[in-house]
Amino acid sequence: MTRTTELTADVAEILLSEEQLRTRIAELGAQVTADYAGRQPTLVSVLKGSLPFMADLMRSIELPLRIDLMEVSSYGGATTESSGLVRILKDLSASIEDEDVLIVEDIIDTGLTLNYLLRYLRGKKPRSLRICTLLDKPARRLVEIPVDYTGFTIPDQFVVGYGLDYGELYRNLRFVGVLRPEVYASSE
Ligand code: IMP
């Protein structure tokens, strides 16, 4: 496998084009800018899937802001099912006490990862704590999550691209697409 064109061949359908992502993220940025006017939010992104979303969202927010990065593991390797086990692989690099924190997530599926993260971050006593997710898959939710900003609500399909992976690949696709089931059926 050498070129992204070969990765694209594993995609059954483009769910969200580059243009759709750009337009919606600009809207989210404008909404955050209005809601946090006069404040300096701290955007906490959850690696690695949120990387492109974070990069685009932060540049569409017209406020002074800080960013921090966490990395958690929720899925064990190349699988499409959440294990429910969450491990912090990389913690915050600065205190968020009394800060207005906005969690920037790629996708909420079962909600188990964010549920864990919310409890963890609340313990650090931020002034406020909100959630901004690019994608929401409500059909598979196991725990209720108070989502403040949602880019797109999507059906119960496994998607890749724009940060989202399967087996650590496909993250660099410019669009969000549905992975052909036979790609993961062969390894699960
Ligand atoms: P949750 O704990 O089930 O909500 O899962 C959250 C994490 O699972 C996300 O941050 C993603 O890393 C991963 N995930 C969930 N659904 C998908 C998908 O459709 N494609 C790729 N990754 C996914």
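An account of the accompanying structure is given in this report. Computed from a prediction, not measured in an experiment: that's the story for all the values here. (Residues numbered from 1 in each chain as written. Predicted model: local features only at pLDDT ≥ 70, side-chain atom pairs only at ≥ 80, totals over all residues. Heavy atoms only, no water.)

**A look at helix α3 (residues 51-59)**
Threshold: A 1.4 Å probe rolled over the protein chains alone gives each residue an accessible area, and that area as a share of the maximum for its type sets the label: buried under 20%, exposed over 50%, partly exposed in between. Counting from the N terminus, the helices are the DSSP runs of H or I reaching at least four residues and the strands are the DSSP runs of E reaching at least two. The arc in question is traced by the directions running from the helix axis to the C-beta atoms. In what follows, residue pairs with any heavy atoms lying within 4.5 Å of each other are defined as contacts.
Looking at α3, one finds that the buried residues are Phe53, Met54 and Leu57. Within α3, the buried residues cover an arc of 95° as seen down the axis, which keeps them to one side. Contacts from the buried residues of α3 go to α2 (18-35), β2 (42-47), β3 (66-73), β5 (100-108) and β6 (128-136).

**Observations regarding the packing of aromatic side chains**
In this description, a pair of aromatic rings is defined by centroid distance and the angle of the planes. Stated precisely, the cut-off is as follows: Between the rings of Phe, Tyr and Trp (Trp by its six-membered ring), a pair exists once the centres lie within 6.5 Å; its type follows the angle of the planes, with under 30 degrees stacked, over 60 edge-to-face, and the other angles tilted.
Tallying each qualifying case throughout the model produces three aromatic pairs. Seen in terms of ring centroids, Phe158 and Tyr184 are 5.9 Å apart; in terms of plane orientation they differ by 70°. Their pairing is edge-to-face. With Phe158 in the loop between β7 (149-153) and β8 (159-160) and Tyr184 in helix α5 (residues 181-185), the pair connects residues that are 26 residues apart, well separated along the chain. In terms of burial, Phe158 and Tyr184 fall into one category: buried. Clustering of aromatic rings is evident, with ring pairs tying together Phe158, Tyr166 and Tyr184.

**Some thoughts on the site of the ligand**
Short version of the rule: Throughout, the term near means that a residue has one or more heavy atoms lying within 4 Å of the molecule or strand in question. In protein, a polar contact requires one atom able to donate a hydrogen and another able to accept it; more generally it is a pair of N or O atoms within 3.5 Å, and residues adjacent in sequence count only if both atoms are side-chain atoms. We get accessible surface area from the Shrake-Rupley algorithm with a probe of 1.4 Å; when it comes to residues, only the shown protein chains can shield them. In this classification, the charged set is Asp, Glu, Lys and Arg, the nonpolar set is Ala, Val, Leu, Ile, Met, Phe, Trp, Tyr, Cys and Pro, and all remaining amino acids, among them Gly, are polar.
Residues in close proximity to the ligand total 18 residues, the closest being Thr110, Gly111, Thr113, Lys137 and Val159. Separating an oxygen atom of the ligand from a backbone N or O atom of Leu112 is a distance of 3.5 Å. At 2.9 Å from an oxygen atom of the ligand is found a side-chain nitrogen or oxygen belonging to Lys137. Burial of the ligand by the protein amounts to 93% of the accessible area it has alone, namely 490 Å². Looking at the shell around the ligand, the elements that each hand over two or more residues are β5 and α4 (112-122). Per element, the largest residue contribution to the shell around the ligand is four residues, and it comes from β5. In terms of residue class, the shell around the ligand is built from seven nonpolar, six polar and five charged.

**Quick word on the sheet that holds strand β9 (residues 176-179)**
Which entries qualify depends on this criterion: For two strands to count as paired, DSSP must find a minimum of two bridges between them.
The antiparallel open sheet is built from three strands, whose spatial order is β1-β9-β8. Edge positions in the sheet fall to β1 (11-16) and β8, since each of these pairs with one other strand and no more. One ladder, built from two bridges, connects β8 with β9; its direction is antiparallel. Within β9, the residue paired with Val159 across the bridge is Val178.

**Topic: α2**
Worth spelling out the cut-off: Here the expected length of a helix is defined as 1.5 Å per residue gap, with one fewer gap than residues.
Along its 18 residues, α2 runs 26 Å from first to last C-alpha, staying within 8% of the 26 Å computed at 1.5 Å per residue. Buried residues of α2: Leu21, Arg24, Ile25, Leu28, Gly29, Val32 and Thr33, and no others. Of the surrounding secondary structure, the elements contacted by the buried residues of α2 are β1, α3, β5, β6, β7 and β9.

**With respect to the side chain of Asp109**
Considering the arrangement of structural elements, one finds Asp109 in the loop between β5 and α4. According to the relative accessible area criterion, Asp109 is buried, its value standing at 8%. Among the polar contacts listed, one links the side chain of Asp109 to the side chain of Arg140, at a separation of 2.8 Å.

**Side note on the nonpolar core**
In plain terms, the rule: Put simply, buried Ala, Val, Leu, Ile, Met, Phe, Trp, Tyr and Cys residues joined by side-chain atoms within 4.5 Å make one nonpolar core.
Counting residues in each nonpolar core, the largest one holds 27 residues, and the members touching the most others are Leu21, Phe53, Leu57, Leu134, Leu135 and Val159. Within the residue set of this core, elements represented by two or more residues are β1, α2, α3, β5, β6, β7 and β9. The biggest single contributor to this core is α2, with four residues. The residues contacting Leu57, other than those within four sequence positions of it, are Ile25, Leu28, Gly29, Val104 and Cys132.

**Points about the side chain of Thr133**
Locating Thr133 in the fold gives a position in strand β6. Separated by 2.8 Å, the side chain of Thr133 and the backbone oxygen of Leu135 make a polar contact.

Limitation: the analysis is restricted to geometry and does not speak to function.
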